[in-house]
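Structural description and commentary
Residue-level listing of the chains:
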Amino acid sequence: MTGVGTEDDIPPGERKTVTDFCYLLDKSKQLFNGLRDLPQYGHKQWQSYFGRTFDVYTKLWKFQQQHRQVLDNRYGLKRWQIGEVASKIGQLYYHYYLRTSETSYLNEAFSFYSAIRQRSYYYQVNKEDRPELVVKKLRYYARYIVVCLLLNKMDLVKVLVKELSEEIEDYTQRFNTEDQLEWNLVLQEVAAFVEADPVMVLNDDNAVVIMSNRLQEGIVPQLEQGMVVGQLTLADALIIGNCNNQVKFSELTIDMFRMLQALEREPVNLAAQMTKPGTLQEPSEKPAKRENPHKYLLYKPTFSQLYTFLSASFKELPANSVLLVYLSATGVFPTGRSDYEGPYDFGGVLTNTNRDVVNGEAVQKRNQALKEMHCLHPGDLFPFTRKPLFIIVDSSNSTAYKNFSNLFGQPVVCLLSPTVYPKSMQDQTQRGSLFTLFLYSPLMAFLSVCGLSSLRQSLWDKAQDLLRKASRDIGQALVRCRSIDQAFLQFYGDEFLRLLIIRFVFCSATLRLHKLFRQESRSFPESYPQLPKQDTVESSLLQKHVLELAAMLDVQDLFYDSTLDTY
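Quick notes on the rules
Residues numbered from 1 in each chain as written. Predicted model: local features only at pLDDT ≥ 70, side-chain atom pairs only at ≥ 80, totals over all residues. Heavy atoms only, no water. Pairing = 2+ DSSP bridges. Helix = DSSP H or I, 4+ residues; strand = E, 2+ residues; numbered from the N terminus. Core = buried A, V, L, I, M, F, W, Y, C linked by side-chain atoms within 4.5 Å. Buried < 20%, exposed > 50% of the residue type's maximum accessible area, 1.4 Å probe, protein only. Contact = heavy atoms within 4.5 Å. Axes fitted to C-alpha atoms, helices over the stretch in contact; angles between N-to-C directions. Polar contact = N/O pair within 3.5 Å; in protein donor to acceptor, adjacent residues only side chain to side chain. Salt bridge = Lys/Arg side-chain N within 4 Å of Asp/Glu carboxyl O.

**What to know about the sheet that holds strand β6 (residues 331–332)**
Spatially, three strands are ordered β6-β7-β10 in an open sheet, and the strand pairing comes out antiparallel. The two strands at the open ends of the sheet, each matched to only one other strand, are β6 and β10 (375–376). Across two bridges, the pairing between β6 and strand β7 (residues 348–350) is antiparallel. Across the sheet, glycine 331 pairs through a bridge with valine 349, a residue of β7.

**Quick word on the nonpolar core**
Core analysis: the largest hydrophobic core is formed by 153 residues, its most contacted members being Leu149, Leu324, Phe390 and Ile392. Ignoring sequence-local partners within four residues, the contact set of isoleucine 392 consists of Met259, Leu324, Val325, Tyr326, Leu327, Leu415, Phe435, Leu439 and Leu500. Formed by 30 residues, the second largest nonpolar core is a distinct cluster that contains Tyr296, Leu298, Phe309 and Leu416.

**Describing unusual backbone geometry**
Among all residues except glycine, the phi angle is most often negative; among peptide bonds, the trans geometry is most common. Each neighbour pair has its own omega, and for tyrosine 528 with proline 529 the value is -10°, a cis peptide bond. On the secondary structure map, proline 529 appears in the loop between β14 (526–528) and α18 (540–552). One non-glycine residue, lysine 300, lies in positive phi territory at about 50°. As for its placement among the helices and strands, lysine 300 is situated in the loop between β4 (294–299) and α11 (303–316). Classification of lysine 300 by relative accessible area gives partly exposed; the value is 24%. Backbone geometry places aspartate 554, a non-glycine residue, at a positive phi of 60°. Secondary-structure assignment places aspartate 554 in the segment after α18.

**Section: the environment of alanine 487**
Mapped onto the elements, alanine 487 comes out in helix α16 (residues 486–492). With 77 residues separating them in the primary sequence, alanine 487 and glutamine 410 have C-alpha atoms 8.1 Å apart. Residues contacting alanine 487, with those up to four places away along its chain left out, are Pro411, Val412 and Val413.

**Points about the pairing of strand β12 (residues 412–416)**
The element β12 is extensively covered by neighbouring structure, given that five of its five residues are classed as buried. Judged by which residues are buried, β12 turns out to be covered on both faces: Val412, Cys414 and Leu416 on one side and Val413 and Leu415 on the other are all buried. The pairing of strand β11 (residues 389–394) with β12 spans five bridges and is parallel. What sits directly across from phenylalanine 390, in β12, is valine 413.

**Comments concerning the sheet that holds strand β5 (residues 321–329)**
Strand order in the open sheet formed by six strands is β4-β3-β5-β11-β12-β14, with mixed pairing between adjacent strands. This sheet does not close on itself; its edge strands, each paired only once, are β4 and β14. Ignoring which end each strand starts from, the neighbouring axes of this sheet average 10° apart. As paired elements, strand β3 (residues 233–242) and β4 share six bridges and run parallel to each other. What sits directly across from isoleucine 239, in β4, is leucine 297.

**With respect to the side chain of serine 441**
You can see serine 441 is positioned in the loop between α13 (434–440) and α14 (442–449). Looking at serine 441, the relative accessible area reads 2%, which means it is buried. Residues in contact with serine 441, not counting those within four places in the same chain, are Asn213 and Trp460.

**Quick notes on the environment of glutamate 526**
Note that glutamate 526 resides in strand β14. Along the primary structure glutamate 526 and serine 398 are separated by 128 residues, whereas in three dimensions their C-alpha atoms are 8.8 Å apart. Aside from chain neighbours lying at most four places away, what touches glutamate 526 is Thr399, Lys402, Cys414, Leu415, Leu416 and Phe504. Separated by 3.3 Å, the side chains of glutamate 526 and lysine 402 make a polar contact.

**Thoughts on the pattern of salt bridges**
Applying the stated rule across the entire model yields 22 salt bridges. Salt-bridge contacts for aspartate 197 lead to arginine 258; the nearest nitrogen and oxygen are separated by 3.0 Å. With aspartate 197 in the loop between α8 (180–194) and β1 (200–202) and arginine 258 in helix α9 (residues 254–262), this pair connects stretches of sequence that are 61 residues apart. Accessibility expressed as a relative area gives 30% for aspartate 197, which makes it partly exposed. Residue arginine 258 is classed as buried on the basis of its relative accessible area, which comes to 1%. Here aspartate 345 makes a salt bridge to lysine 371, at a shortest N to O gap of 2.5 Å. With aspartate 345 in the loop between β6 and β7 and lysine 371 in the loop between β9 (361–362) and β10, this pair connects stretches of sequence that are 26 residues apart.

All we've got here are geometric facts, nothing functional implied.
Below, the structure is given as structure tokens:
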């Protein structure tokens, strides 16, 4: 106890208050530290532990509010200590979001992080000669920035980055620390992340308008009467990022960041909590029916990590549900040709290893007869096709997954990126893949391939209306097509998968008409099973929509128009 009087001078009631506070504080730290030991996979093991942790933090937060004066006088409670509790609660909510994929918990995390800044809980830290306290403040900023990025609060992110930059400068000047380069790298990463979007939407005042690309009302073409589609639901998704030299922040590459948003509904804006930051609500032990598929975010996993998470998802996948695997990774190519070409003879995508990487591609093994060990081969996914499996591969060797087999009669679809891009677009890969951009925001991707870096909001809205019409027509064409593989229709009943399939078709149609991409067939996306081209990616109606969009944006010269042929 650090109060002014000796312990004997403290009234028993106040002494009990301090004792109870110390107990809750120690218990909360103990439970919070124990979170690290929980398995990262599996839905059940962690929930009761999280519930207990939230319960203690709820009591701690309320206790320090009710007894602030006694704690100030008798315990010497400092504002940064209150900030530390609030920061831990923000972290709990963020990790609850990661565990459940419920975007409303992001708003809860934002509420607490926002309260810390508004109430200047960490303000006094800079006056104390303790570098470890300043590091707590810097880490708080980094976590707050991640939450703001996920909530698309880009204006606030820029303000926070400026404040963080000033804090880092002050920290490195006051303390001769060895982590200056690390913190400067954090600044560089978040700055690159914010600038990664290739297109700015501007309002009438030339201010940038932030567009959300999560699933919203009116974005997904509705199922129409008479459409016969499957009743499967996307329940689990593995989002894997292992691209060399791609923009990243806090173990999220820009491709992972975009894909996770494509698999989430727009979060409910908890207006009451935003205006009164710092109110604590404990999440329910048994949340209501999940709005979003559960996701695992794996940044540069090893093969064993990836397989462990895959197995956990597969094991816990409910009946009539789909597992989605998204792979954004460097390609691994076969070292030689064998007499028999099986599912391990085409290479695949890189998993994490300490081996050297040269020019963005893995150094090949010297022994030509052996297969690459640090690689996810198509055959590695075969065991998981015992349940409905939806695969997206964004890689320079995505076509390895064309050689897939449906061994168990369950629906399987692979959407595969182009493997070659026109030279003028190759230098943009650091800011994220074009293929993933099409799946995340088709209009932004369309503008990007047309070399447009900004657009007026009024024109953006018109283009989005045209895109919605095209999406509806693509959906109708897919469902009415008699020669389409039934796997596509099995997945079409789920809104997230429906949107991904439709955007994949739009991407394919766009690139097939774009003059730069038409020079090389490897610049087109592919799929397993193959889509009937004449009825989908090369249909005259869809081509008409692409050309209409190009005309609206005044870039029709970039596209091939068969109606202009004189032969």
